[in-house]
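As a plain string of letters, each chain reads:
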Amino acid sequence: MKIKLFGGLRQKAGGAEHEATGTTIQEALESICMEKEGLRAAIFDEDGLRPHVRVMVNGHDSELADGLETTVSENDQIAIFPPIAGG
């Protein structure tokens, strides 16, 4: 499946799009974080997903489904958005 990264996550991962494997969002994120330790620290903390990091699957917020345990398939597209602040 394809994972698209936005904002500062792109720099931490060395690009905007990555291929991932897994049957859940958690597994897919772990598969790309194995190679990019800086990305892991930007997405996860000791309690799981960092606050305000948004994960979308095919345009739908994963928090409205099963969170990191949301089932995904090879045809899905996952988008990860870092916290955004503005004024």
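Residues numbered from 1 in each chain as written. Predicted model: local features only at pLDDT ≥ 70, side-chain atom pairs only at ≥ 80, totals over all residues. Heavy atoms only, no water.

Q: Even after reading the chapter, I still don't get the side chain of Ser31, so can you show me in this structure?
A: By secondary structure assignment, the location of Ser31 is in helix H2 (residues 25–33). With relative accessibility at 18%, the residue Ser31 sits in the buried group. Excluding residues within four positions of it along the chain, Ser31 makes contact with Ala20 and Thr21. (Helix = DSSP H or I, 4+ residues; strand = E, 2+ residues; numbered from the N terminus. Buried < 20%, exposed > 50% of the residue type's maximum accessible area, 1.4 Å probe, protein only. Contact = heavy atoms within 4.5 Å.)

Q: In this structure, what is going on with H2? I would like to understand it.
A: Note: α-helices contain 3.6 residues per turn, so residues at a spacing of three or four share the same orientation. Every buried residue of H2 is accounted for by Ile25, Ala28, Leu29, Ser31, Ile32 and Cys33. Buried residues along H2 sit in contact with strand E1 (2–5), strand E2 (17–19), helix H3 (37–43), strand E3 (44–45), strand E5 (54–57) and strand E7 (77–81).

Q: Explanation requested: the sheet that holds E2 in the structure shown.
A: Note: strands within a sheet are paired through backbone hydrogen bonds, in either parallel or antiparallel orientation. Spatially, the five strands line up as an open sheet ordered E2-E1-E7-E5-E6, and their pairing is mixed. Two strands close off the open sheet at either side, each with one partner strand: E2 and strand E6 (60–61). Pairing between E1 and E7: four bridges, direction parallel. Looking at E7, one finds that Lys4 is bridged to Ala79. Packing against the sheet, H2 makes contact with E1, E2, E5 and E7, and its axis sits at approximately 70 degrees to E1. (Pairing = 2+ DSSP bridges. Axes fitted to C-alpha atoms, helices over the stretch in contact; angles between N-to-C directions.)

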